[in-house]
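Descriptive structure summary
For reference, the chains in residue letters:
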Amino acid sequence: MVKWLYGGKTAEQALAKRFKIFVLVAIGLIAVSKLLYLGGVMPIPNLELILPTLVVIGSLSLYCGNSKSWGRLVKYFGVIALISVYLVDLAFWGPNPIYAFTWSGFIIVWLISMKNKLSAFDRFKKLLYKTTLTAAFGILIFDIWTAFGCWLGWGEKSIAGLIAIYLAQIPFTLYHLASIVFVPPLLGLGKLMMKVRVPVSVAVNVGSGVRTKES
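Let me begin by describing the structure that accompanies this report.

**Some details on helix 8 (residues 159-177)**
- End to end, helix 8 covers 26 Å across 19 residues, agreeing with the expected 27 Å (1.5 Å per residue, within 8%).
- The largest bend along helix 8 reaches roughly 40° and is located at I170, with the proline P171 sitting one to four residues downstream.
- Looking at the packing, one finds that the buried side of helix 8 touches helix 3 (50-59) and helix 7 (124-154).

**What about the packing of aromatic side chains?**
- A full pass over the atoms with the stated rule returns six aromatic pairs.
- Between W145 and F148, the ring centres sit 6.1 Å apart and the planes meet at 20°, which makes this aromatic pair stacked. Of this pair, W145 and F148 are both found in helix 7, three residues apart, which corresponds to roughly one turn of the helix.
- Plain terms: the ring middles of F148 and W151 are 5.7 Å apart, the flat faces sit at 35° to each other, and that makes the pair tilted. Taken as a pair, F148 and W151 lie in helix 7 at a separation of three residues, close to a single helical turn.
- On the accessibility criterion, F148 (25% relative accessible area) is partly exposed.
- Aromatic rings pair up to connect Y86, W103, F106 and F142 into one cluster.

**A word on the nonpolar core**
- By size, the foremost hydrophobic cluster in this structure holds 42 residues, and its most contacted members are I30, L54, L60, F77 and L82.
- Those elements that place two or more of their residues in this core are helix 2 (11-38), helix 3, helix 5 (77-93), helix 6 (99-114), helix 7 and helix 9 (183-194).
- For this core, the element with the highest residue contribution is helix 2, accounting for eight residues.
- Those residues in contact with I30 that sit more than four places away from it in its chain are I50, T53, L54, F77, A81, L82, S84 and V85.

Rules and cut-offs
Residues numbered from 1 in each chain as written. Predicted model: local features only at pLDDT ≥ 70, side-chain atom pairs only at ≥ 80, totals over all residues. Heavy atoms only, no water. Helix = DSSP H or I, 4+ residues; strand = E, 2+ residues; numbered from the N terminus. Expected span 1.5 Å × (residues − 1). Bend = angle between axes of the 7 residues up to and from the residue. Contact = heavy atoms within 4.5 Å. Phe/Tyr/Trp six-rings, centres within 6.5 Å; stacked < 30°, edge-to-face > 60°. Buried < 20%, exposed > 50% of the residue type's maximum accessible area, 1.4 Å probe, protein only. Core = buried A, V, L, I, M, F, W, Y, C linked by side-chain atoms within 4.5 Å.

See below:
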């Protein structure tokens, strides 16, 4: 069962299947993160998995085989994954004008992440540096954008009112930045699933039989 789920007839097929599983796990994490946050399980305010997951998946170039449907899923992952968050928000809170800013904020962070186009085969330190930096930048952009939405919807319509909104946002943004703690394990999971044994040719003496070994 594990071999069928996790492996493949060739190294290419196994790699594609593992990346597909990684994408599905990421979608699940986004949905679970929202439920945990609403349930008060997260230890500090604004600590969440949504933005870190969007950044990690968006930053990596994931090969999922020649399937056009999976290619579209990876390409539009940000939109598809956030449908679960949208449904949870509607179920718990109902329609709210601020969704126009939170949802567009998620998509903005996703689009920023896609600019990285990082290879999953790059060294972990390089990937960690760029994805962590992108996650921190994305959180700042998201909080600035959503705070602006709060000002438009409920704040005093003046420069002083806008400044007051942003000053009040600072503690929540600092808490939100703590969410980058989820970037290393998410990235590590992707790197771990990428480890596929492939046949590698080895040098042999003239007249010797040709052998291969797995690495």
